[in-house]
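The chain contents come next:
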Amino acid sequence: MKILAICGSLRAASLNAMLLRAAARLAPPDMAILVYEGMAALPLFNPDLDLTPPATVLDLKAQISAADAVLIASPEYAHGVTGVMKNALDWTVSSDVFVNKPVIVFNASPRATHADAALREILGVMSAKILETASVKLPVIGAGLDEDGMLSHPDIAEILKAALLAAKTELQSFPLD
Ligand SMILES: Cc1cc2nc3c(=O)[nH]c(=O)nc-3n(C[C@H](O)[C@H](O)[C@H](O)COP(=O)(O)O)c2cc1C
């Protein structure tokens, strides 16, 4: 199973990015989590360019299409989805890359309910299938942990492992390429 992990923060010390890298290290042997590295290179969405998108956008869509599932971890900014995350999603709206695509949503800040709900709404309107049993809240923001700290934190590591196993189980009910 190939999972594309997308982070909605460009911050060098992003906790959401660390969480995705920690998840990649905890993935079961038959699951590969690849962290998408192209977020900062995506131009601002412009519908005029949608028919002939730049190479960075074509690459994003190709990576989503090739993945069996997408894993998203994104912060909340001012009670909304970050512009970075929304921009990436807007580039995919006119295509079918998210139609029936299994998506796992990690919320690294359990108090950040607005962005989580908005992100789910956006994914829903694009006909993505949110894997609910794998989409977990993790008490990461404010815990003072780095990637290794998340992996050695008993609660966080346990939630991550359980989420990935739940994703595996849910994905087994989807037809994989
Ligand atoms: C501009 C800005 C707005 C923020 N707004 C919220 C918010 O509305 N709700 C919240 O829970 N956290 C908010 N935060 C805190 C972020 O969730 C927190 O900084 C988080 O660590 C950012 O994710 P990252 O570490 O992956 O970059 C905000 C942070 C920034 C920089």
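Residues numbered from 1 in each chain as written. Predicted model: local features only at pLDDT ≥ 70, side-chain atom pairs only at ≥ 80, totals over all residues. Heavy atoms only, no water.

Points about the site of the ligand
Here comes step 1: Near the ligand, the surroundings consist of 13 residues, among which Ser-9, Arg-11, Ser-14, Asn-16 and Glu-76 are the closest.
Here comes step 2: In this structure, Arg-111 approaches the ligand through a side-chain N or O atom, which is 3.5 Å from an oxygen atom.
Here comes step 3: Summarising the interface, the protein chains cover 68% of the accessible area of the ligand, which totals 620 Å² for the free molecule.
Here comes step 4: When contributions to the shell around the ligand are tallied by element, the ones reaching two or more residues are α1 (15–26) and β4 (76–77).
Here comes step 5: Looking at the shell around the ligand residue by residue, the classes come out as six nonpolar, four polar and three charged. (Near = heavy atom within 4 Å. Polar contact = N/O pair within 3.5 Å; in protein donor to acceptor, adjacent residues only side chain to side chain. Areas by Shrake-Rupley, 256 points an atom, 1.4 Å probe, with all protein chains shown as cover. Helix = DSSP H or I, 4+ residues; strand = E, 2+ residues; numbered from the N terminus. Nonpolar A, V, L, I, M, F, W, Y, C, P; charged D, E, K, R; others polar.)

Brief notes about the UniProt feature "domain: NADPH-dependent FMN reductase-like" (unreviewed entry) in the protein
Here comes step 1: In the numbering adopted here, UniProt assigns the feature "domain: NADPH-dependent FMN reductase-like" (unreviewed entry) to residues 1–135.
Here comes step 2: A distance of 17 Å separates the end C-alpha atoms of residues 1–135, which is 35% helix and 19% strand. (UniProt positions renumbered as here; feature names shortened; annotations may be inferred.)

Notes on the sheet that holds strand β2 (residues 32–35)
Here comes step 1: The five strands are arranged β2-β1-β3-β6-β7 in an open sheet whose pairing can be described as parallel. The open sheet has two edge strands with one neighbour each: β2 and β7 (129–130).
Here comes step 2: Two elements, strand β1 (residues 2–7) and β2, share four bridges in a ladder whose sense is parallel. What sits directly across from Lys-2, in β2, is Ala-32.
Here comes step 3: On the sheet, helix α2 (residues 55–66) packs against β1, β2 and β3 (69–73) and is oriented at approximately 140° with respect to β1.
Here comes step 4: Sitting on the sheet, helix α4 (residues 113–125) touches β3, β6 (102–106) and β7, and the angle it makes with β6 is about 170°. (Pairing = 2+ DSSP bridges. Contact = heavy atoms within 4.5 Å. Axes fitted to C-alpha atoms, helices over the stretch in contact; angles between N-to-C directions.)

Some thoughts on unusual backbone geometry
Peptide bonds are mostly trans, and most non-glycine residues show a negative phi.
Here comes step 1: The backbone phi angle of Asn-100 is positive, close to 65°, even though this residue is not glycine.
Here comes step 2: With respect to the element layout, Asn-100 can be found in the loop between α3 (83–92) and β6.
Here comes step 3: On the basis of relative accessible area, Asn-100 is assigned to the partly exposed category, the value being 46%.
Here comes step 4: Although it is not a glycine, Ser-127 sits at a positive phi angle of roughly 65°.
Here comes step 5: Within the secondary structure, Ser-127 sits in the loop between α4 and β7.
Here comes step 6: Judged by relative accessible area, Ser-127 falls into the partly exposed class, the value being 33%. (Buried < 20%, exposed > 50% of the residue type's maximum accessible area, 1.4 Å probe, protein only.)

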